[in-house]
Amino acid sequence: MTPILTLQSARLILRQWQDDDLPAFAEMCADPQVMRYFPAPLSRLECAALIGRVRGHFNEYGYGLWALERMDSGAFIGLTGLLNVNFEAPFAPAVEVGWRLARRHWGQGFASEAAWTCLRCAFAQLHLDEVVSFASQHNVPSQKVMQAIGMVQDLAGTFEHPRLPPGHALRPHVLYRIDRARWEQTLRS
Ligand SMILES: CC(C)(COP(=O)(O)OP(=O)(O)OC[C@H]1O[C@@H](n2cnc3c(N)ncnc32)[C@H](O)[C@@H]1OP(=O)(O)O)[C@@H](O)C(=O)NCCC(=O)NCCS
């Protein structure tokens, strides 16, 4: 499938990864605050490997985690995108929308703006029927993004993340969903 290389919103360009994104990406993923709801911060090597996997996902499926660039400054600020759920779960197979931004770019609506752009891509370009999102139940900022883009919590969908060991504080996850009808309704409101 031909990858969707770029998307655009009012203030952001969602684009393919460039080799020179690595330092800023590694800095973001080494920040304990950014990685608070993940098992651990990532090393530079782990970040490079992740970029490789993201590129592979684009090549295989045509979509993935886009690098986020601010239009005003050209700065790399994080990632947002669409990803196939890659673990066993009652709601899989599914496409997930996810995000991670460097701390100095929080609190300005960039994550929600990028996520909304990804939903438009999912429904208008990829013609998906539904998009899900999930986060540790403690990750309130992420859940606020889900709510801001019109996703609705599936209370029956709360699950234990299988990639984390039983008893791990981050293991309980909440599940949010948005289907095409709800997206169209959100567009009109
Ligand atoms: C999750 C994360 C991306 C949310 O970032 P964020 O900046 O809080 O989210 P948004 O872009 O939606 O911005 C919303 C905030 O910007 C404010 N804001 C300012 N200008 C705005 C604008 N023009 N439009 C919308 N919101 C605006 C909102 O009031 C809101 O502030 P509040 O949280 O104090 O209520 C960020 O916390 C993060 O990267 N966390 C680490 C990674 C992570 O946990 N990822 C998810 C894993 S599941």
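The structure we're discussing is the one just above.
Residues numbered from 1 in each chain as written. Predicted model: local features only at pLDDT ≥ 70, side-chain atom pairs only at ≥ 80, totals over all residues. Heavy atoms only, no water.

## With respect to the environment of L83
Point 1. Tracing the sequence through the fold places L83 in strand β4 (residues 76–84).
Point 2. Classification of L83 by relative accessible area gives partly exposed; the value is 23%.
Point 3. When the C-alpha positions of L83 and A181 are compared, they lie 21 Å apart, and in sequence the two are 98 residues distant.
Point 4. L83 has contacts with H57, Y63, L65, A94, V95 and E96, leaving out every residue within four places of it along the chain. (Helix = DSSP H or I, 4+ residues; strand = E, 2+ residues; numbered from the N terminus. Buried < 20%, exposed > 50% of the residue type's maximum accessible area, 1.4 Å probe, protein only. Contact = heavy atoms within 4.5 Å.)

## Things to note about the side chain of Q143
Point 1. With respect to the helices, strands and loops of the structure, Q143 is situated in helix α4 (residues 140–148).
Point 2. Given the relative accessible area of 11%, Q143 is considered buried.
Point 3. Here the side chain of Q143 touches Q137 through a polar contact of 3.1 Å, landing on its backbone oxygen.
Point 4. Discounting chain neighbours no more than four positions away, the residues touching Q143 are S136, Q137, V174 and Y176. (Polar contact = N/O pair within 3.5 Å; in protein donor to acceptor, adjacent residues only side chain to side chain.)

## What about the pairing of β4?
Point 1. For β4, the tally of buried residues reaches eight of nine residues, placing the bulk of the element in the interior.
Point 2. Here strand β3 (residues 65–70) folds back onto β4 in antiparallel fashion, the turn holding five residues, of which G74 has a positive phi close to 75 degrees.
Point 3. Bridging between β4 and strand β5 (residues 95–101) involves seven bridges; their strand directions are antiparallel. Counterpart to G78 in the pairing with β5 is L101. (Pairing = 2+ DSSP bridges.)

## Section: unusual backbone geometry
Point 1. The omega angle of the peptide bond from A92 to P93 is 0 degrees, so this bond is cis rather than trans.
Point 2. Relative to the helices and strands, P93 resides in the loop between β4 and β5.
Point 3. The backbone phi angle of H127 is positive, close to 60 degrees, even though this residue is not glycine.
Point 4. Following the sequence through the fold, H127 ends up in the loop between α3 (110–125) and β6 (130–136).

## Quick notes on the pattern of salt bridges
Point 1. The tally for this structure, following the rule as stated, stands at ten salt bridges.
Point 2. One salt bridge connects R55 with D19, and the closest N-O pair in it is separated by 3.1 Å. Of the two residues, R55 sits in helix α2 (residues 44–61) while D19 sits in the loop between β2 (12–15) and α1 (22–29), which places them 36 residues apart along the sequence.
Point 3. Salt-bridge contacts for R171 lead to E160; the nearest nitrogen and oxygen are separated by 3.3 Å. With R171 in the loop between β8 (159–160) and β9 (172–179) and E160 in strand β8, this residue pair connects regions lying eleven residues apart in the sequence.
Point 4. Given the relative accessible area of 16%, R171 is considered buried.
Point 5. E160 gets classed as partly exposed once you look at its relative accessible area, which sits at 43%.
Point 6. Among the charged side chains, a network of salt bridges with common partners joins R15, D21 and E69. (Salt bridge = Lys/Arg side-chain N within 4 Å of Asp/Glu carboxyl O.)

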